[in-house]
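Summary of the model geometry
Okay, here's what each chain looks like letter by letter:
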Amino acid sequence: MKDDDALPTSKSLSQLKISNQGDGLVVQSNKLIDAAYKLSLEEMRLLYISLKKINPKMELGPDGLMPEIVISVTEYRDAFGIRTNALYDRLSETANALLMKPLTTFDWNADKQKMDKTKRVWFTSLAYDAEGDVSSIKLRFSPELRPFIYELTTNFTRIEFEQLSRLDTPFSMRLYQWLVKFKGLRKSNKGDGVYETEAFEIDDLKSKTGLDNKYKEFKFFKRDMLDPAINRINNQTDLSVSYKLIKEGRAVKKIVFVFISDKETVTAKPLRPRLPGRPRVVKDSDAEGLWARECIKILEKYQTELLAYDNKSMLPIRDAEKLVSYYRIVGDKDREQKLCMQLESRRMTKAE
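What comes next is a walk through the structure.

Where helix H2 (residues 41–52) meets helix H7 (residues 170–183), the closest approach of the two axes is 9 Å, and the angle between their N-to-C directions is 40 degrees. Put simply, H2 runs oblique to H7. In this structure, H2 contributes Leu41, Met44, Arg45 and Tyr48 to the contact, and H7 contributes Pro170, Met173, Arg174 and Gln177.

In structure tokens, the structure reads:
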């Protein structure tokens, strides 16, 4: 190896200009994925294309500076399929706005038995290089983000940039990242290619995506944010997602996501699970509700497993009818009505 070709020493690493990492992955600490921040679509895109350029295993020097990241107008346009004039001006405005946007990370304080919050910034410097088609912007991540994006060895997630780039809303991008994070956790793997997240608090989900003071009623959050994001992920990425709502009284308080990856195939058709017999309890009692919820959980998991085996598979009509009755017992009118409509359509098709 010639001297001119020698690798840079750790002291000079922060002087590097990173123009293309090349592996197509956005790699972040799980704490960064779980951070709270509110960004526009353009800001989110600029952030993730910047993260894609990072080598998370790179050891940085002691000077505290982060490597400079160079993003050209051409690569930004091509990465997201943008066809518009004056893209450099838009990109510059986006970078200026992102420079001022904070994020909040969370750390569990064992001594105080509470979550500590730390507000940080994404970037500490921004420079411009305007030269027609080769115009670019240059960014440096904040040194405080070093433990979240560099020298990562544990508790991090790799996300395919190509999948993220297909999504066109901030909420769908955030949700997709959470799903990929849980896909990497052993406890989330339910077997046969099915994954299930922990229960998300609805208020926490909104808080971490900048929706704290919006959508006081869950039905509007579901209509405007949740369902459109699920549809985008199902239609545009490698994941197929459904969800289960958890109520306290009549209010929806938590949500669990169940999903499969299109890249994983299930070779054997899943067997129909056995349902628990109805207990001898009073109608409309809490005990009846607990039994119905257990039956719902079993049949919904079976339904997801069928889809993993064959994306055209559906629950047998008799099981779907049982599921309708269980929804009715627990008072889940939305899913009861939706499944009733699907059943009616299936019966009409069968009659023809």
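Moving on, we get to the nonpolar core. Burial of nonpolar side chains together is a common tendency in soluble globular proteins. By size, the foremost hydrophobic cluster in this structure holds 70 residues, and its most contacted members are Leu46, Trp122, Phe141, Ile149 and Phe257. A total of eight residues in this core trace back to one element, the largest contributor, which is H7. Every residue in contact with Ile149, bar those within four places of it in the chain, is listed here: Leu32, Leu51, Ile54, Pro56, Met66 and Phe141. One finds Ala320, Val324, Tyr327 and Leu339 within the second-largest nonpolar core, a separate group that totals 18 residues.

Take the pairing of strand E7 (residues 136–141) next. Across the six residues that make up E7, a large majority, six, are buried. Burial along E7 is two-sided: the residues Ser136, Lys138 and Arg140 and Ile137, Leu139 and Phe141 are all buried. Note that strand E3 (residues 68–72) and E7 share four bridges and pair antiparallel. In the strand pairing of E7, Ile69 is matched with Leu139. Summarising the sheet, strand E6 (residues 123–129) and E7 pair through six bridges and their orientation is antiparallel.

The next point concerns the side chain of Arg120. As for its position among the elements, Arg120 is in strand E5 (residues 114–121). Among the polar contacts made by the side chain of Arg120, one reaches the side chain of Thr105 at a distance of 2.9 Å. One polar contact links Arg120 to Glu144, side chain to side chain, over a distance of 3.3 Å. Arg120 has contacts with Pro102, Leu103, Thr105, Asp107, Glu144, Leu145 and Phe148, leaving out every residue within four places of it along the chain.

All right, on to the pattern of salt bridges then. Oppositely charged side chains may form a pair once their charged atoms are brought near each other. Under the definition given, this model contains 25 salt bridges. Here Glu75 and Lys53 are joined by a salt bridge, their closest N and O atoms 3.0 Å apart. Taken together, the residues Glu75 in helix H3 (residues 73–80) and Lys53 in the loop between H2 and E3 connect sequence positions 22 residues apart. Of the residues examined, Glu75 reaches a relative accessible area of 22% and is grouped as partly exposed. Among the ionic contacts, a cluster of salt bridges with common partners joins Glu300, Asp332 and Arg335.

Within the fold, Asn30 resides in helix H1 (residues 30–33). If near-sequence neighbours (up to four positions away) are discounted, Asn30 is found in contact with Asn155, Phe156, Thr157 and Lys181.

Glancing now at a positive patch on the surface. Taken together, the side chains of Lys247, Arg250, Arg293 and Lys333 define a basic patch exposed on the protein surface. With respect to the secondary-structure elements, Arg293 resides in helix H10 (residues 286–309).

Take Glu93: it is sitting in helix H4 (residues 87–100). Owing to a relative accessible area of 56%, Glu93 belongs among the exposed residues under this scheme. For the pair Glu93 and Glu43, spaced 50 residues apart in sequence, the C-alpha to C-alpha distance is 9.5 Å.

It is worth spelling out the packing of H2 against H3 at this point. At their nearest, the axes of H2 and H3 sit 11 Å apart, and the two run at 110 degrees to each other. One element, H2, and the other, H3, form an angle in the roughly perpendicular class. Contacts from Glu42, Arg45, Leu46 and Ile49 in H2 reach Glu75, Tyr76, Ala79 and Phe80 in H3. Partitioning the contact of H2 with H3 into residue classes produces five nonpolar, no polar and three charged.

Scanning the entire structure with this criterion turns up 13 aromatic pairs. Ring geometry for Tyr243 versus Phe257: centroids 6.5 Å apart, planes at 70 degrees, classification edge-to-face. Remark: Phe257 occurs in strand E13 (residues 251–261) and Tyr243 occurs in strand E12 (residues 239–248); sequence separation between them is 14 residues. Here Tyr243 and Phe257 have matching classes, each one buried. Taken together through their ring pairs, the aromatic side chains of Trp178, Phe182, Phe200, Tyr243 and Phe257 make up a single cluster. A cation sits over an aromatic face here: Lys181 above Phe182, 4.7 Å from the ring centre.

Quick notes on the rules
- Residues numbered from 1 in each chain as written.
- Predicted model: local features only at pLDDT ≥ 70, side-chain atom pairs only at ≥ 80, totals over all residues.
- Heavy atoms only, no water.
- Axes fitted to C-alpha atoms, helices over the stretch in contact; angles between N-to-C directions.
- Helix = DSSP H or I, 4+ residues; strand = E, 2+ residues; numbered from the N terminus.
- Parallel < 35°, antiparallel > 145°, perpendicular 65-115°, else oblique.
- Contact = heavy atoms within 4.5 Å.
- Core = buried A, V, L, I, M, F, W, Y, C linked by side-chain atoms within 4.5 Å.
- Buried < 20%, exposed > 50% of the residue type's maximum accessible area, 1.4 Å probe, protein only.
- Pairing = 2+ DSSP bridges.
- Polar contact = N/O pair within 3.5 Å; in protein donor to acceptor, adjacent residues only side chain to side chain.
- Salt bridge = Lys/Arg side-chain N within 4 Å of Asp/Glu carboxyl O.
- Patch = residues over 30% accessible without salt bridge, like charges linked within 9 Å, V, L, I, M, F, W, Y side chains within 5 Å.
- Areas by Shrake-Rupley, 256 points an atom, 1.4 Å probe, with all protein chains shown as cover.
- Lys, Arg positive; Asp, Glu negative; His and termini not counted.
- Charge placed at Lys NZ, Arg CZ, Asp CG, Glu CD.
- Nonpolar A, V, L, I, M, F, W, Y, C, P; charged D, E, K, R; others polar.
- Phe/Tyr/Trp six-rings, centres within 6.5 Å; stacked < 30°, edge-to-face > 60°.
- Lys NZ or Arg CZ within 6 Å of the ring centre and 35° of its normal.

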